[in-house]
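Next come the chains, spelled out residue by residue.
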Amino acid sequence: MIAMIQRQDLLAHFDGLLQPERFKDYGPNGLQVEGKAEIRHIVSGVTASRALIEAAIEDKADAIFVHHGLFWRGMDGRITGWMKERIRLLLAHDVNLFAYHLPLDAHPELGNNAQLGAKLGVQFDATFGEQALGMVGKAGFANADALASHVAAALGRPVTCVTGAAGKPVRRLAWCTGGAQGFFESALAAGADAYITGEISEPQAHLARETGTTFIAAGHHATERYGAPAVAAHVAHQLGLSHRFIEIDNPA
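All of these numbers come straight from a predicted model, not from anything done at the bench.

Basis of the calculations
Sequence order as written defines residue numbering, which begins from 1 separately in each chain. In view of the model being predicted, local features appear only for residues whose pLDDT reaches at least 70, and side-chain atom pairs are presented and counted only at 80 or more, with totals across whole chains, interfaces and linings using the full set of residues. Heavy atoms from the whole structure form the basis of all side-chain values; hydrogens and water molecules are not counted. In this analysis, axes come from line fits to C-alpha atoms, helices being fitted only over the stretch in contact, and the angle between any two N-to-C directions falls in the range 0 to 180 degrees. For the purposes of this entry, the term helix denotes a DSSP run of H or I that reaches at least four residues, the term strand denotes a run of E that reaches at least two, and both are numbered from the N terminus. In these notes the angle categories are as follows: under 35 degrees is roughly parallel, over 145 is roughly antiparallel, 65 to 115 is roughly perpendicular, and the rest is oblique. For any helix crossing, the convention is left-handed if the near helix is rotated counterclockwise from the far helix by under a right angle, and right-handed if that rotation is clockwise. Contacts are assigned to residue pairs that have any heavy atoms within 4.5 Å of one another. Note on residue categories: nonpolar means Ala, Val, Leu, Ile, Met, Phe, Trp, Tyr, Cys or Pro, charged means Asp, Glu, Lys or Arg, and polar means any other residue, Gly included. Definitions used throughout: a 1 Å grid over protein atoms alone; a cavity as a set of points that fits a 1.4 Å probe which cannot get out; a pocket as an open set with protein on both sides within 12 Å along at least five of seven lines; a lining residue as one with an atom within 4 Å of a point. Grid points are joined across faces, edges and corners, and a volume is the space filled by probe spheres set on the points.

> What is the right way to read the packing of helix H2 (residues 50-58) against helix H3 (residues 81-92) from this model?
Angle between the axes and distance between the axes: these two values describe a pair of packed helices. Two numbers describe how H2 lies on H3: the axes approach to 10 Å, and their chain directions differ by 15°. Taken together, the axis directions place H2 and H3 in an arrangement best described as roughly parallel. With respect to the hand of their crossing, H2 and H3 are arranged in left-handed fashion. Contacts between H2 and H3 involve Arg 50, Ile 53, Glu 54 and Ile 57 from the former and Glu 85, Arg 86, Leu 89 and Leu 90 from the latter. For the contact of H2 with H3, the residue count by class is 4 nonpolar, no polar and 4 charged.

Structure follows, in C-alpha cells:
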C-alpha cells in the first residue's frame, strides 16, 4: 500500500537530507512551484523541462524532483513563452516542483558527484574546488585512452578527451559533474592525473596539454543523470511513497 505525506513534510525530508542552507547557490533550492498538499507519487528527472513535466503528468505524479529547476539568479523574471507554459502545466495539474542544485551535486552518497563516482567505480577520498563540490580519489587506468573508453562505456555516450600526456597512467582521478570546467585548476592543485566534468571550454584544452593532465568532457546531462533519482528513490523508500525516474534524452 502506498503511503501519503504532506507537502511540507516531504520538503522537510528533502531539506534535512540535502541541507541547502550550507550552500551559496544560483537559484532557490526546495519547493519552487506549489501543488497539491498531499503527495503519494514522485517523478524524478534531471531538468524541469516541458517534456519532463508532461511525462510526469501522464504518470500521475503529485510531485517532480529535479536538479535543474525553473528559476536562476539573473534570469528574466517575466512569465512568458516557454516559462509560462511550464508553469501553466504544473499549476493546471496541481503538481509540486522540488529542485535542488548544488546541494544535490554535493551529497556524499546520493549526490551527482558521488553517484558518478560509483558509476565509474571510483571512490572519493577528498573534495576540492568552490564549496568543496569536486571529488577526487584513487584510480587505476593505464592511460587517458583507457579512462576515456571506460567513461564512454559507463555513460553510454561518446566523450571529448584532451590527453594531457600520452601513456601517462591515471592514478588520481578528479571529477565534478555538469558545467564545472572552471574547476580544472583546482583539480590540478588536488593532484589529479585526469579530470572529468560535463563540459569543456576553450582554455581547458590548452591547460590539459601544458600541465600533462587529461581533461574529459562527458556531457552535462550525462554526468548529472544519477543524483535526482537516487535522492528521490531514497526518500520515497523511507516514506513509503512511489517513485519513478523519467529520462528525457539530451545530447548535451
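From this point, the narrative continues.
> Just checking my understanding: could you explain empty space enclosed by the protein for this structure?
To find leftover empty space, a probe the size of one water molecule is rolled over the atoms. Inspection of every chain in the model, using the stated rule, returns 1 cavity of 30 Å³ or more. Estimated volume of the largest cavity: approximately 50 Å³. Around the largest cavity, the lining residues are Asp 25, Gly 27, Pro 28, Asn 29, Gln 32, His 67, Gly 69, Phe 71, Trp 72, Ala 99, Tyr 100 and His 101. Across the lining of the largest cavity, the residue classes break down as 5 nonpolar, 6 polar and 1 charged.

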